[in-house]
Amino acid sequence: MASDDTFPQDKQQMMENINRFMSDSIPHNHELGLSVVELGAADVTMRLPYSEKLVGNPETGVWHGGAVTTLIDSTCGIAVFVKLARLARIATLDLRIDYLHPATPGKDLLARAECYKLTRAVAFVRALAHHGDVDNPVASAQGTFIIVED
Amino acid sequence: MESTPPGTPTRIADILRQVRQTGDYRLLTEVIPYTRFLGIGVENTTGEVLCRMRYAPMLIGNSAIPALHGGTLGALLESAAIFELLLRTQEERVPKIISITVDFLRSGRPQDTLAKATITRLGRRVANLQVQAWQEDRGKPIASANALFLLS
């Protein structure tokens, strides 16, 4: 993607751009049905619809942690784009996730990520995954991303 | 494999008993919807139990490079840790993850990825594992993780 792919000012338009970018260029996010549902100045909220194929424990129906990881990784990456106000080539360096309580079977999962520090090369992001109440999170995460200049 | 009808909970303990008798790891990996979805299997072709995530186009996270989605690599590392605990300990339930820290070392090419988990400490309540994932060259891992699980 071009690094001069600057976002439009209009928030709704920006969300549409990001969602189109995900369905065109991130096949795995498209496969999972991930979408941006809310945008702030340096934060973003994405939704992962519940699906039986995401179950990790067939005895309880609880989500596999890997699905939570994927939602959080994607949301953190988009938060970096939002902070940069453009699409850029980025790569996850590391990601730590604490699983605070099991994700509820049958309920969609949301993740809110905030890029709280941006240097020339590295972006620092924190995120919470939840079922609609961000004060009762399912998982808490912290990640770093490298910004690859073209 | 047919999916389990609703209301008939799958008993991991029964499946593990069958796996230990037959050595057929698919009985376990196929019964977990998410590992079946991602194409993650367990194999033992060299006297060592490894996890393999078969390449599929829907695992891609960046079409431009192309590269595997970091989330799918995280999922493979976590799955490898879970299977190691289920197959190497007396656990009879899917262990609950407490935390995982993933380092992404190289971009994942569009091909199969292998993973090996090692139990670094098995306590009464908590297990610590280290996991590595690689593609062609085991000496050049593409991702690694430290993971903690709560045991039942």
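Relevant structure appears above.
These numbers were taken from a predicted model, which means no experiment stands behind them.

Calculation notes
Residues numbered from 1 in each chain as written. Chains lettered and ligands numbered in written order. Predicted model: local features only at pLDDT ≥ 70, side-chain atom pairs only at ≥ 80, totals over all residues. Helix = DSSP H or I, 4+ residues; strand = E, 2+ residues; numbered from the N terminus. Rg over C-alpha atoms; globule rule 2.2 N^0.38 Å. Buried ≥ 20, exposed ≤ 12 C-beta atoms within 10 Å, placed from the backbone. Contact = placed C-beta atoms within 7 Å. Nonpolar A, V, L, I, M, F, W, Y, C, P; charged D, E, K, R; others polar. Pairing = 2+ DSSP bridges. Axes fitted to C-alpha atoms, helices over the stretch in contact; angles between N-to-C directions. Parallel < 35°, antiparallel > 145°, perpendicular 65-115°, else oblique. Left-handed = near helix turned anticlockwise from the far one by under 90°. Core = buried A, V, L, I, M, F, W, Y, C linked by C-beta atoms within 7 Å.

Novice: Is there a simple way to explain the overall build of chain B in this structure?
Specialist: Scanning chain B for helices and strands turns up four helices and eight strands. Traced from its N-terminal end to its C-terminal end, chain B shows the element sequence α-α-α-β-β-β-β-α-β-β-β-β. Against the 2.2 N^0.38 benchmark of 15 Å for 152 residues, chain B shows a C-alpha radius of gyration of 15 Å, consistent with a compact globule. Residues counted as buried form 38% of the 152 residues belonging to chain B. Long-range pairs, those at least 24 residues apart, make up 56% of the contacts in chain B between residues at least 6 apart in sequence.

Novice: Teacher, can you tell me more about the overall build of chain A here?
Specialist: Each helix and strand in chain A was counted, giving three helices and eight strands. Reading chain A from its N end, one meets helices and strands in the order α-α-β-β-β-β-α-β-β-β-β. In summary, chain A has a C-alpha radius of gyration of 15 Å against a globular reference of 15 Å for 150 residues, a match within 12%. Seen along its three principal axes, the alpha-carbon backbone of chain A occupies a region of about 50 × 25 × 25 Å. Counting over 150 residues, chain A shows a buried share of 45%.

Novice: Sorry if this is basic, but what is going on with the interface of chain A and chain B here?
Specialist: Accessible area lost when the parts come together is the quantity often used to give the size of an interface. Taken together, the contact between chain A and chain B spans 31 residues of the former and 36 residues of the latter. At the level of elements, α2 (27-32), β3 (55-57), α3 (65-84) and β5 (89-99) of chain A are the ones that each hand at least two residues to the side of chain A that touches chain B. Looking at the side of chain A that touches chain B element by element, the count peaks at nine residues for β5(A). Among the residues making up the side of chain A that touches chain B, the classes are represented as twelve nonpolar, eleven polar and eight charged. Note: β5(A) against strand β5 (residues 96-104) of chain B, five bridges, orientation antiparallel. Bridge assignment links A:Arg96 to a residue of β5(B), and that residue is B:Thr101.

Novice: I would appreciate a short explanation of the environment of B:Arg54 in the present structure.
Specialist: Residues and elements named next belong to chain B. Positionally, Arg 54 belongs in the loop between β2 (50-53) and β3 (60-62). Residues Arg 54 and Leu 114 lie 60 residues apart in sequence; the distance between their C-alpha atoms is 8.8 Å. Contacts of Arg 54, omitting those with residues within four sequence positions, involve Gly 39 and Asp 112.

Novice: Help me understand the packing of α3(A) against helix α4 (residues 70-88) of chain B, please; the structure alone is not making it clear to me.
Specialist: To describe two helices that pack against each other, one gives the angle between their axes and the distance between the axes. The contact between α3(A) and α4(B) brings their axes to 8 Å, and the two run at 155°. As judged from the angle between their axes, α3(A) and α4(B) are roughly antiparallel. Between α3(A) and α4(B) lies a crossing of right-handed hand. Between α3(A) and α4(B), the contacting residues are A:Gly65, A:Gly66, A:Thr69, A:Thr70, A:Asp73 and A:Ser74 on the first element and B:Gly70, B:Gly71, B:Thr72, B:Gly74, B:Ala75, B:Glu78 and B:Ser79 on the second. For the contact of α3(A) with α4(B), a count of residues per class yields one nonpolar, ten polar and two charged.

Novice: What am I meant to see in the environment of A:Tyr116 here?
Specialist: Residue and element names in this part refer to chain A. Mapped onto the elements of the fold, Tyr 116 is located in strand β6 (residues 109-118). You can call Tyr 116 partly exposed: it has 14 C-beta atoms within 10 Å. When the C-alpha atoms of Tyr 116 and Thr 60 are compared, they prove to be 36 Å apart, with 56 residues separating the residues in sequence. Once residues lying within four places of it in the same chain are set aside, the contact partners of Tyr 116 are Phe 124 and Arg 126.

Novice: Got a minute to help me understand unusual backbone geometry in this structure?
Specialist: Both trends apply: most residues other than glycine have a negative phi, and most peptide bonds are in trans. Residue B:Pro66 is bonded to the preceding B:Ile65 through a cis peptide linkage, with omega at -15°. Positive phi values are uncommon outside glycine, yet A:Ala85 reaches one of about 65°. Tracing the chain through its elements places A:Ala85 in the loop between α3 and β5.

Novice: So what exactly am I meant to see when it comes to the nonpolar core here?
Specialist: Counting residues in hydrophobic clusters, the biggest one holds 83 residues, and the most contacted among them are A:Val68, A:Ala129 and B:Leu77. Beyond its immediate chain neighbours, meaning those up to four positions away, A:Ala129 contacts A:Val68, A:Leu71, A:Ile72, A:Leu109, A:Leu110, A:Ala111, A:Pro137, A:Val138 and A:Ala139.

Novice: Honestly, the pairing of β6(A) in this entry has me stumped. Any pointers?
Specialist: Strand residues, when the strand is regular, have side chains that alternate between the two faces of the sheet. Residue and element names in this part refer to chain A. With seven of ten residues buried, β6 is to be regarded as a mostly interior element. In terms of strand pairing, strand β2 (residues 43-48) meets β6 through six bridges, oriented antiparallel. Looking at β6, one finds that Thr 45 is bridged to Arg 112. With eight bridges connecting them, β6 and strand β7 (residues 122-130) associate as antiparallel partners.

Novice: How should the sheet that holds strand β7 (residues 126-134) of chain B be read in this particular structure?
Specialist: As a general point, the strands of a sheet are linked pairwise by backbone hydrogen bonds and lie either parallel or antiparallel. Spatial strand order, β1(A)-β2(A)-β6(A)-β7(A)-β8(A)-β5(A)-β5(B)-β8(B)-β7(B)-β6(B)-β2(B)-β1(B): twelve strands in an open sheet with antiparallel pairing. Among the strands making up the open sheet, the edge pair consists of β1 (35-39) of chain A together with β1 (40-43) of chain B. Averaged over neighbouring strand pairs, the angle between their axes works out to 25° when direction is ignored. With four bridges joining them, β1(A) and β2(A) adopt antiparallel strand pairing. Counted as the bridge partner of A:Leu39 is A:Val44 from β2(A).

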